[in-house]
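So you can see what is in the structure, the chains are spelled out below.
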Amino acid sequence: MYLILLGPPGVGKGTQGVLLADATGWERVVTGDLLRTAKDAGTPLGTQAQQYMTAGNLVPDHLIIKMVEEKLSTLSAGTGVIFDGFPRTEAQASAFAMMLEALGRTIDTVVVLEADDEVLSERISGRRSCPSCGAVYNTVLAPPKKDGLCDVDGTPLFHRADDHADTVQNRLNVYRRETEPLIEYYDGSKAVVHRVPSQEGPDEVQSKVREALGVGE
Ligand code: AP5
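Here the structure is a predicted model, which means the values were calculated and not measured.

Caption draft 1: Region of the structure containing the layout of surface pockets. By volume, the second largest pocket is sized at about 170 Å³. Ala-93, Ala-97, Leu-100, Glu-101, Arg-105, Thr-106, Ile-107, Tyr-185, Tyr-186, Ser-189, Lys-190 and Ala-191 together form the lining of the second largest pocket. Broken down by secondary-structure element, the contributors of at least two residues to the lining of the second largest pocket are α5 (90–102) and α8 (181–187). Of the residues contributing to the lining of the second largest pocket, the split by class is seven nonpolar, two polar and three charged.

Here you go:
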């Protein structure tokens, strides 16, 4: 199964991707995480991407496409893959289709997570992330057991630079303009598109995702 998780910032793509990967053993390819890792490592890609990410804009297509192409070459054959945060533009979607065709693969399923802007803002403003293991929390909706520390490894949590209120509105605008049209793009493809309401808690949303995909509890 090659699956795309699509949806606006803060809707829960990362949260649902982790739960689904735990349940299925599928790998995750998360372009936001790949870019943050590159930035922290000070690679040329990370340095180039930083200014776009901090402003809440998309990193240029050619950089993303090259990064995903490299990542695809490292995936084990036959494993299921969850793509989170990619593609985000029609140019990325077309390039992706060609890359997969060369590998004899195709996108089977697209899961579109949906929630109101008010819910997205609440989720994003409270998000705290672990720089070490990538676990994601929310100060109000999913707090860690010890304030400010990761439950998994005790590392101090951080507030993403692009999660501040002035950047969040731009990220939402960019999503509506550049990425939302991909829902129609995939509706017109051979992939099965599932729209999943995502206003409820993480476990309830995960049940709906698995029900849509027909994968077990
Ligand atoms: P990226 O990191 O992908 O950010 P995003 O798409 O904006 O998505 P988020 O990570 O903000 O949210 P999410 O949907 O994963 O929600 P999460 O599960 O964390 O990208 C960052 C930047 O990188 C982009 O702006 C761009 O610059 C660049 N980039 C990345 N990919 C690119 C590409 N393909 N092309 C160009 N540029 C690219 O949840 C959010 C919060 O809500 C958490 O606190 C969580 O605990 C909480 N929560 C989640 N679900 C629930 C729930 N059901 N109930 C209650 N709380 C919940």
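Moving on from the model shown.
Caption draft 2: Region of the structure containing the packing of helix α6 (residues 117–126) against helix α7 (residues 165–179). Here α6 crosses α7 at 135°, and the two axes come no closer than 11 Å. As far as their axial angle goes, α7 and α6 are oblique. Regarding α6 and α7, the two cross each other, and that crossing is right-handed. Here Asp-117, Leu-120 and Ile-124 of α6 come into contact with α7, specifically with Val-168, Arg-171, Leu-172 and Arg-176.

Caption draft 3: Fine view of the packing of aromatic side chains. Taken as a whole, this structure holds four aromatic pairs when the rule is applied. Consider the rings of Phe-86 and Phe-96, whose centres lie 4.8 Å apart with planes at 75°: the pair is edge-to-face. Within this pair, whereas Phe-86 is found in the loop between β3 (81–84) and α5, its partner Phe-96 is found in helix α5, the two being separated by ten residues in sequence. Like Phe-86, the residue Phe-96 is buried in the burial classification. When the ring of Tyr-185 is compared with that of Tyr-186, the centres are 4.9 Å apart and the planes differ by 80°; the resulting orientation is edge-to-face. The class for Tyr-186 is buried, based on a relative accessible area of 5%.

Parameters and conventions
- Residues numbered from 1 in each chain as written.
- Predicted model: local features only at pLDDT ≥ 70, side-chain atom pairs only at ≥ 80, totals over all residues.
- Heavy atoms only, no water.
- 1 Å grid on protein atoms, 1.4 Å probe; cavity = no way out; pocket = protein on both sides within 12 Å on 5 of 7 lines; lining within 4 Å.
- Points joined across faces, edges and corners; volume = space filled by probe spheres on them.
- Helix = DSSP H or I, 4+ residues; strand = E, 2+ residues; numbered from the N terminus.
- Nonpolar A, V, L, I, M, F, W, Y, C, P; charged D, E, K, R; others polar.
- Axes fitted to C-alpha atoms, helices over the stretch in contact; angles between N-to-C directions.
- Parallel < 35°, antiparallel > 145°, perpendicular 65-115°, else oblique.
- Left-handed = near helix turned anticlockwise from the far one by under 90°.
- Contact = heavy atoms within 4.5 Å.
- Phe/Tyr/Trp six-rings, centres within 6.5 Å; stacked < 30°, edge-to-face > 60°.
- Buried < 20%, exposed > 50% of the residue type's maximum accessible area, 1.4 Å probe, protein only.

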